[in-house]
Amino acid sequence: MYDKKELNRIKEKKIDWEKNRYSKLVRIHPERKDKFENLSGTEIKNIYTPEDIEHLEYNKDIGFPGEYPFLRGVHSTMHRGRLWTMRQFAGFGSAEETNERYKYLLEHGETGLSVAFDYPTLYGYDTDHLLARGEFGKCGVAISSLKDMEILFDGIPVDDVTTSMTINGPAAIVWAMYVANAENRGISKKIIGGTIQNDILKEYIAQKSFIFPPAPSMRLIVDTFEYGFKQVPRWNTISISGYHIREAGSTAVQELAFTLGDGIEYVKAAMKRGLDIDKFAPRLSFFFNAHNDFFEEIAKYRAARRIWAKELKKLGAKKSRSLLMRFHTQTAGCTLTAQQPEINIVRVTMQALSAVLGGTQSLHTNSMDEALALPSEKAVRIALRTQQIIAEESGVTDTIDPLGGSYYIEWLTDKMEEKTYEYFDRVEKLGGVISAIEKGFFQREIAESAYKYQREIDENRRTIVGVNDYKIDDKRSIPLLKMDEEGEQRQINRLEKLRKERNNSKTEKNLKRLRKAAEGDENMMPYILDCVHSYATLGETCDVLRGVFGEYVEPAIY
Amino acid sequence: MERKIRVLVAKPGLDGHDRGAKIVARALRNAGMEVIYTGLHQTADMIVETAVQEDVDVIGLSLLSGAHMTLFRDITKLLKDKDMRDVLVVGGGVIPEEDVPVLKKAGVAGVFGPGTRTEDIVDFIRKNVKP
Amino acid sequence: MNDVASKVLTGDPRSIARLITLVENSSPEAASTMKDIHPHTGNAHVIGITGVMGGGKSTLICEITREYRKQGKTVGIIAIDPTSPFSGGALLGDRVRMVKLAMDEGVFIRSMGTRGMLGGLTSAVYDVVEILDASGKDVVIVETVGVGQAEVDVIKVADTTLVVLVPGLGDSIQTIKAGVMEIADIYIINKADRPGVDQAVAEVESLVDIECSNRDRKIPVLTTSAKNGKGIVALVDEIKKHKEYLKKSKEFDVQRRKRYEGELVEIIRKRLMNFIFDESKFKDKVELLIDQIFKKEMDPYTAADEILGKILK
């Protein structure tokens, strides 16, 4: 990238500087650490110069936003044209309570909705299931049927605002409820927009809210891809996620490598069914974590875009829209502390900034109280304001990829890409993603990183402000969100009522037809929609699929 | 023959976040204890049945979904009903400070929330396990 | 008969579990109970399972157990995992794969660490087999640590030994080598849904041909896919056939005698070691001897003569 002679002059000057200035100072005044390593174990140098990126060619490796390799951004105007969507993940208790929170957030300036479901819903159980005891509404909203979906979006313009739903095992069914609700309201499924997470591979690896074994789960996902690009063209039928992998304890490199690896696996699965890559690839989206190491995160997002573009080109995608990686980001939940919770606002701010500088299309900022509970109104408002301040007051959105060209950032981006390809090779040798999952490869890598990180904290080799240093004795807590204790019983009653009042023979019939489709090899989406329209509950529908596909039990890996 | 402390590390309910449980399991193993990990989605009955068969000294409950008041107390009640008073029950996860006294009263001897050092859990168990 | 013993014989899980703890810790209290229950042992069919790590042993055991339960039989499972030689602790995770057996009163599962014992078992295994046997279990399954070359001790305790392999780990048959491959009464190629099954079967069968050329029983090679529940009925049937073969050929009695011999040796060994190294009377004397060996004032053989001489007197 640089003129040879100029580069040599720089190299010489650096040697001179290191010998005559840097080393001299270090001798008198040693640096704070013997070795500076980032969270992924990459050693970070004292300074980066053109020397570190001399091998890069601007047009080939860095390029311009909106075109291959998309390193600098997926659109040619990026945040100058349109800010990222401010999309706060929310949900708790019953559909009514969550509906209120959505209206509050929209009122305060969020520009997209994001649904958090409770555990029973995530696992495809109704609120009255044995395993649902005590879990109703605790970490998200309970949705047991189309009726709940109707209440959840009551008064919300789903033709105007997009909705992201964090649901995986039963994603197809919950999506069907959303679509059915829109249709019942006279809104065509051709125009509704949103995302379902629907990424089962990372469930096996990290989040663990799987239901069925890998093969039938992949089939169901490809069903949604197919149904999506044909019938619900503005919908992102998958959000290939690294967030949870990171939360489970992985490093940034592992987050990058495992997520992209999963993505490629989905593309291959869809192609195996004969779907045209340029038809479904534009609707694949991604979801990353925004963790503490500011520059590593930015390099991660950039590397992600370039690697994805390269890989999809290799797989035969021709359209530009198929090669560009759009992603949502959430600031790292696992970095929030229960101690001195107000300082979490500062952590979230830095993490959010890295996501913005990294070119995210959509962002969720955590609330300060989330180490202890779901966000209170005040806390979530502050989280939203954090994004708004970055957007309106900081000036960082006035140019595209402002850190591009930084010697450090370009070097680090490259390094992360290199390490990602190393992981790709290792997984290849293990027989591919699914084989590696069954062998416990990813789970082991993650558990190792998680344990190493915890040891560093326990041994005070890594400082977490407020936890192992800069502590205070003050046990005074901040006001936390209180849940309605009667909610669980109300929901159970509602379910009973639903089962009595619906046309049960119709529901039965539709469930039977779904079963037959599941036993065969048709696309299951239309059958799921019929079940949902006839008010079959989430649990009843999932039970049919459980009956055909079985349930997955994971190995114990530490 | 020195006796080993046997600990059951359990994930009650539907919560799938096992990063902490696995780290604690490993730390306890490194401290010389025998750790039986139940895996995910355990009901109170299943946890107590395992505790009986494995004759554990300690049950460690990990929960981040907010359902701890119901599920932890289900388990301590079941232990009481079965007259298993010798078993030390400890818990961790996302548990607000204000819920801790209630849990302690119900029989959870120690609650280790976010920011706990693994050494502290090891020390607590060593100090409080029935000889 | 003491109280604990009678409770164990009724199958009370709490008593069984407590007694297992006592024998595992070599508690002197255990001896009288073990004496009481011994006459009630000998009925259970003891199955040992060893094989490559990652072979799916735990899942296989789960499925075998479910099949036995369908046949109305009760099952005791001993799942053994390695104890860390550094910390003395252990991560016992086999139960995770046996979730389908939860809350079944006819199944008792106990996880154990090897606690310093080599060979893939724990020194208390004989006792635990006896306890589960006496408690009325029709079948006792012992799952050993995943295998290398040394983990062959399972044959000492089992009537029927299963060796589990998987396809595609072609070198595994090489690495397992002598010892483990020889102890099998039945070979199982699990994860038969994976590519390379036929080749794996062929490799094992050629080994069997060589091994069994002058034996009266040809070791069967079965394929299973435990996670899909395939091949389990045939396997359980083959285990039954093996028991019948043992009984008919009087091998059964030979096996059992070997087991009791092993058990006796283990009890004596533990008592002896305990007496020499843990009992305070002798311990100090032993420490002195070791110091002398270290200072080259004495050699280990002479030291042993001294210790044993004192005991045998």
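Residues numbered from 1 in each chain as written. Chains lettered and ligands numbered in written order. Predicted model: local features only at pLDDT ≥ 70, side-chain atom pairs only at ≥ 80, totals over all residues. Heavy atoms only, no water.

**Quick look at the interface of chain A and chain B**
Here comes step 1: Contact with chain A, which involves 39 residues of that partner, is made by 33 residues of chain B.
Here comes step 2: The junction of chain A with chain B conceals about 3200 Å² of combined surface from both sides, 53% of it contributed by carbon and sulfur atoms.
Here comes step 3: Between chain A and chain B we count 5 salt bridges in total.
Here comes step 4: Measuring nitrogen to oxygen at the nearest pair gives 3.2 Å for the salt bridge that ties Arg 455 of chain A to Glu 119 of chain B.
Here comes step 5: Linking chain A with chain B are 18 residue pairs in polar contact (both at pLDDT 80 or more), by the criterion used here.
Here comes step 6: Those elements giving two or more residues to the side of chain A that touches chain B turn out to be helix H5 (119-122), helix H10 (243-247) and helix H19 (441-458) of chain A.
Here comes step 7: In terms of residue count, the dominant contributor to the side of chain A that touches chain B is H19 of chain A (8 residues).
Here comes step 8: In terms of residue class, the side of chain A that touches chain B is built from 21 nonpolar, 6 polar and 12 charged. (Contact = heavy atoms within 4.5 Å. Buried area = accessible area lost by both parts, 1.4 Å probe. Salt bridge = Lys/Arg side-chain N within 4 Å of Asp/Glu carboxyl O. Polar contact = N/O pair within 3.5 Å; in protein donor to acceptor, adjacent residues only side chain to side chain. Helix = DSSP H or I, 4+ residues; strand = E, 2+ residues; numbered from the N terminus. Nonpolar A, V, L, I, M, F, W, Y, C, P; charged D, E, K, R; others polar.)

**Thoughts on the pairing of strand S8 (residues 327-331) of chain A**
Here comes step 1: With 5 of its 5 residues buried, S8 of chain A lies for the most part within the structure.
Here comes step 2: Burial of S8 of chain A is two-sided: the residues Phe 327, Thr 329 and Thr 331 of chain A facing one way and the residues His 328 and Gln 330 of chain A facing the other way are all buried. (Buried < 20%, exposed > 50% of the residue type's maximum accessible area, 1.4 Å probe, protein only.)

**Details of unusual backbone geometry**
A negative phi angle is the norm for most residues apart from glycine, just as the trans form is the norm for most peptide bonds.
Here comes step 1: The residue after Tyr 68 of chain A, namely Pro 69 of chain A, is reached through a cis peptide bond having omega 0°.
Here comes step 2: Among the secondary structure elements, Pro 69 of chain A is positioned in the loop between helix H2 (58-62) and helix H3 (78-81).
Here comes step 3: Residues other than glycine seldom take positive phi values, yet Arg 115 of chain C does so here, at roughly 45°.
Here comes step 4: By the secondary structure assignment, Arg 115 of chain C is in the loop between strand S4 (107-113) and helix H5 (125-134).
Here comes step 5: Exposure remark for Arg 115 of chain C: the relative accessible area of 15% places this residue in the buried category.

**So, the interface of chain C and chain A**
Here comes step 1: Counting from both sides, the interface comprises 7 residues of chain C and, opposite them, 7 residues of chain A.
Here comes step 2: In total, about 680 Å² of surface goes out of reach between chain C and chain A, with carbon and sulfur atoms giving 56% of it.
Here comes step 3: Residues Lys 227 of chain C and Glu 438 of chain A are paired through a salt bridge, measuring 3.2 Å at the closest nitrogen-oxygen approach.
Here comes step 4: In this structure, the connection of chain C to chain A is made through 2 residue pairs in polar contact (both at pLDDT 80 or more).
Here comes step 5: Of the residues contributing to the side of chain C that touches chain A, the split by class is 3 nonpolar, 1 polar and 3 charged.

**Looking at the domain arrangement of chain C**
Here comes step 1: When cut into domains, chain C gives domain 1 (39-250) and domain 2 (279-312).
Here comes step 2: Centre-to-centre, using C-alpha coordinates, domain 1 of chain C lies 41 Å away from domain 2 of chain C. (Domains from an automatic or database assignment.)

**A closer look at a nonpolar patch on the surface**
All names here are of chain C.
Here comes step 1: A contiguous nonpolar surface patch, about 490 Å² in accessible area, is contributed by Leu 264, Ile 268, Leu 272, Leu 308 and Leu 312.
Here comes step 2: Of all elements in the fold, only helix H10 (251-278) and helix H12 (300-312) reach the threshold of two or more residues within the nonpolar patch.
Here comes step 3: Broken down by element, the residue count for the nonpolar patch peaks at 3 residues, all from H10.
Here comes step 4: Relative to the elements of secondary structure, Leu 272 occurs in helix H10.
Here comes step 5: Take Leu 272: its relative accessible area is 32%, and that puts it in the partly exposed class. (Patch = residues over 30% accessible without salt bridge, like charges linked within 9 Å, V, L, I, M, F, W, Y side chains within 5 Å. Areas by Shrake-Rupley, 256 points an atom, 1.4 Å probe, with all protein chains shown as cover.)

**A closer look at the packing of helix H8 (residues 200-207) of chain A against helix H11 (residues 252-272) of chain A**
Residue and element names in this part refer to chain A.
Here comes step 1: Where H8 meets H11, the closest approach of the two axes is 9 Å, and the angle between their N-to-C directions is 150°. For the pair H8 and H11, the crossing hand works out as right-handed. Between H8, through Ile 200, Leu 201, Lys 202 and Ile 205, and H11, the contact on the second element is made entirely by Asp 262, Glu 265 and Tyr 266.
Here comes step 2: Its residues placed into classes, the contact of H8 with H11 shows 4 nonpolar, no polar and 3 charged. (Axes fitted to C-alpha atoms, helices over the stretch in contact; angles between N-to-C directions. Left-handed = near helix turned anticlockwise from the far one by under 90°.)

**A short note on the environment of Ile 343 of chain A**
All names here are of chain A.
Here comes step 1: Structurally, Ile 343 can be placed in the loop between S8 and helix H15 (344-357).
Here comes step 2: The exposure class of Ile 343 is partly exposed, given its relative accessible area of 25%.
Here comes step 3: Separated by 107 residues in the primary sequence, Ile 343 and Asn 236 place their C-alpha atoms 35 Å from one another.
Here comes step 4: Those residues in contact with Ile 343 that lie beyond four places of it in its chain are Thr 337 and Val 465.

**Regarding the packing of H11 of chain A against helix H13 (residues 294-314) of chain A**
All names here are of chain A.
Here comes step 1: Remark: H11 packs on H13, axes separated minimally by 10 Å, with the N-to-C direction vectors making an angle of 25°. Here H13 runs roughly parallel to H11, going by the angle between their axes. For the pair H11 and H13, the sense of crossing is right-handed. Together, Ala 252, Glu 255, Leu 256, Leu 260, Gly 263, Ile 264 and Val 267 of H11 and Glu 296, Glu 297, Lys 300, Ala 303, Ala 304, Ile 307, Trp 308, Glu 311 and Leu 312 of H13 make up the contact between the two elements.
Here comes step 2: For the contact of H11 with H13, the per-class residue count stands at 10 nonpolar, 1 polar and 5 charged. (Parallel < 35°, antiparallel > 145°, perpendicular 65-115°, else oblique.)

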